[in-house]
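Residues per chain, in single letters:
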Amino acid sequence: MNTLAIMDTQDVFHQNQPIRELKNRLSEQGFQIVCPQDARDLLQLIDHDPRVCGVIVDWEAHGEALCIKINEINEKLPVYAFLNGHATPDLNLSQLPMAVWFFEYAPGTAADIAQRIQQYTREYIDDMLPPLTRALFTYVREGKYTFCTPGHMAGTAFQKSPVGSLFYDFFGANTMKADISVSVTELGSLLDHSGPHRDAEQYIARTFGAEQSYIVTNGTSTSNKIVGMYAAPAGSTVLIDRNCHKSLTHLLMMTDIVPLWLKPTRNPLGMLGGISRASLSEERIAQQVAQTPRASWPVHAVITHSTYDGLLYNVQHIARDLPVSSIHFDAAWVPYTYFHPIYAQLSAMRIERIPGKVIYETQSTHKLLAAFSQASMIHIKGDYDRQAFNDTYKMHASTSPNYAIVASTETAAAMLRGNPGKRLIARAIERAMQFRREIKRLREESDGWFFDIWQPEEIAEPRCWPLLPGEEGWHGFREADADHLFLDPVKVTLLTPGMRATGEMSDEGIPAALVAKFLDARGIVVEKTGPYHLLFLFSIGIDNTKAMGLVRALCDFKRAYDNQQMVKSTLPTLYAQSPDDYQQMTLPALAQGIHRLIQQHELPRLMQQAFDVLPTAVMTPYQAFQQQLTDGVDTVAIGDLPGRVAAAMLLPLPPGVPLVMPGEMITEASRPVLDFLLMLCRIGERYPGFATDIHGVQRTDDGQYRVRVLRQRPRE
Ligand SMILES: *Cc1c(COP(=O)(O)O)cnc(C)c1O
């Protein structure tokens, strides 16, 4: 980071001997000097090149107005202002938190000024680095010898082998040097929360509005288990979102707790609408407790926030009204809500402390922020037993954490601070808004069909749009609650023709899987594909070129479709999977084929019914897992599921919600669950390449779908 911008628009500096000298000095010191044309140019430069580490201006020519604009972009960026001997700086500036240093034009001072600029630059960089990352950089720079793990010894061992050298050259020297042992005392310890690691967690807590934060280096999968193991003792009852991540299913298998399921609503498109307010009421919970064997009043509740489709709850209401003293929001998908006002009611750490309640929020830092995979955070607000909590933390942690992951978690937090952080999130939202408007515009101008976006009619300004009762026309959820669920603008769901949000199917349709394959062939990977919708995440890494690339690819699809192009030429990979099937097929013919199959099987109705009933819980997931270990399992064809107890969770992706949990049994009443699974299998058989991925279901070489059930049959 060594770019200095010199604003010399009025040639004040050019004629100035001291400044010419200064430029030379700075270049000698390794600074790269750029000279913007005008103020606009400069501001764009600062905005687009985060490596600019200082600005040199003539105070009289630019002065205060420019400083205020620089401040809006980055309030920490050092500004070096040159004054005539008789001018005085305007003192209004002292109102602003900004870094301005004043110098006078005087001959013979260049060396001194250049040195001071270097020092201020160092301070600027040092100040922005969060504590552990700073300590890690310093440690690596010092290049100490160690005689401890890891065995590659800062990369030396790799370079003693041909294949190791390839690995070393690929990842680079710093990756190796920053991979260090817990024995390095000056970096403290993640597991003991000491030294720079403790500072990092405190820094993160302050940044995210938590009372206490924990860095977890093996994903929110682990964060969820840590929170659950602590908050729900053996024998207790927990209220848990049926739309939970599999890590929570694993929690239920690991620890002997009784789940009471919170069933999310769904719309005909197959999106999850979240849990209704009624389901969270004291009355409903009491009913569930009464109907569930071994259940007592829940000590803990887990809610997936946001849903996969980008729906966020008004968490303020839930925290206040849910009659449970410990509430965990699994916010794996939304680590950014604290940082923009449109999420004020929807961000768990914006909840004020509530006496007698503890609020947990877990976030996958790596999912939508800039951090390495597995970077995760636990945030806590409320009173809890730190020692006991840390015991569960350690139970799930490795004693050799990866420091690069820790540092990236902390850096993700640092990136969100101050004006640069605000702009980052605001930009991501604005980019998603632009994309939404662009698709709308193309739809209006298009001849014939075009893609649509799942959003309200009016999307003038960026906000989280409420799913209001009476507006099912766009959202499709019957019996929506007011002021309860909101659509996040950065989660963009594109709709393909074929089905309306309210469930009516049209004669012709383009199943989304087809579009997803088309995009994939063009290097665009979709986050999630439903029957007639595709989800795209507009995270902070999405820039305009990516967004425009997507728009272009969608237009290309329309052209290929309208021109009746062949599957063979447009989707070569699909064709290669089964040339016989796809030899003569056009894109529209394939689309209509799958569309008709979906129509015949009444997919929307079947999906609705499948998720409306829960299979019978014969035992808890914990008991089922124990029984699997002691008595073993049988593998049966999926059609033979009724009457047997599932050993594994069955979860079709999409929609990503478990249909059957370990310990559950499909009975006559829950027959639609089976019908739905069978239909998914049938589509996959009929159209190779379009099989739905169903976790827990194995496809054998002869094309059978098989599932694992407990060997022991349930008692009649
Ligand atoms: C991805 C995800 C997790 C797990 O997070 P990892 O960081 O991948 O371990 C937990 N909960 C939800 C809701 C998720 O989507």
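Details of the structure are given in the entry above.
Quantities reported herein were computed from a predicted structural model and do not represent experimental measurements. (Residues numbered from 1 in each chain as written. Predicted model: local features only at pLDDT ≥ 70, side-chain atom pairs only at ≥ 80, totals over all residues. Heavy atoms only, no water.)

Enquirer: Describe the packing of aromatic side chains, with residues and values.
Expert: Two measures describe an aromatic ring pair: the distance that separates the ring centres and the angle between the ring planes. Summed over all chains, the structure comprises 31 aromatic pairs. Their ring planes at 55 degrees and their centres at 5.3 Å tell us that Trp 454 and Trp 474 sit as a pair that is tilted. In this pair, Trp 454 sits in the loop between strand 16 (452-453) and strand 17 (465-466) while Trp 474 sits in helix 17 (residues 472-475), placing the two residues 20 residues apart along the sequence. The pair formed by Trp 454 and Trp 474 is uniform in burial state, with each residue classed as buried. Their ring planes at 85 degrees and their centres at 5.1 Å tell us that Phe 518 and Phe 557 sit as a pair that is edge-to-face. With a gap of 39 residues between them, Phe 518 in helix 18 (residues 512-521) and Phe 557 in helix 19 (residues 544-562) connect regions that are remote in the sequence. Judged by its relative accessible area of 1%, Phe 518 is buried. On the basis of relative accessibility, which here comes to 0%, the residue Phe 557 falls in the buried class. (Phe/Tyr/Trp six-rings, centres within 6.5 Å; stacked < 30°, edge-to-face > 60°. Helix = DSSP H or I, 4+ residues; strand = E, 2+ residues; numbered from the N terminus. Buried < 20%, exposed > 50% of the residue type's maximum accessible area, 1.4 Å probe, protein only.)

Enquirer: Mind laying out the pairing of strand 28 (residues 705-710), listing which residues take part and the relevant values?
Expert: Alignment of strand 23 (residues 633-637) against strand 28, held across 5 bridges, turns out to be antiparallel. The residue bridging Thr 635 from the neighbouring strand is Arg 708, located in strand 28. Across 3 bridges, the pairing between strand 27 (residues 697-699) and strand 28 is antiparallel. Its bridge partner being in strand 28, Gln 698 is matched across the sheet by Arg 706. Hairpin geometry of strand 27 and strand 28 is characterised by an intervening segment of 5 residues between the two adjacent antiparallel strands and by a positive phi of about 85 degrees at Gly 703. (Pairing = 2+ DSSP bridges.)

Enquirer: Just give me the short version of the site of the ligand, but keep the residues and values in it.
Expert: Around the ligand, the neighbouring residues are Gly 219, Thr 220, Ser 221, Asn 224, His 245, Thr 304, Asp 330, Ala 332, Trp 333, Ser 364, His 366 and Lys 367. Taking Thr 220, its main chain carries an N or O atom lying 2.9 Å from an oxygen atom of the ligand. Taking His 366, its side chain carries an N or O atom lying 2.7 Å from an oxygen atom of the ligand. Of all the secondary-structure elements, those providing two or more residues to the shell around the ligand are helix 9 (219-231) and helix 13 (365-368). Per-element tally for the shell around the ligand: the top contributor is helix 9, with 4 residues. Considered class by class, the residues forming the shell around the ligand number 2 nonpolar, 8 polar and 2 charged. (Near = heavy atom within 4 Å. Polar contact = N/O pair within 3.5 Å; in protein donor to acceptor, adjacent residues only side chain to side chain. Nonpolar A, V, L, I, M, F, W, Y, C, P; charged D, E, K, R; others polar.)

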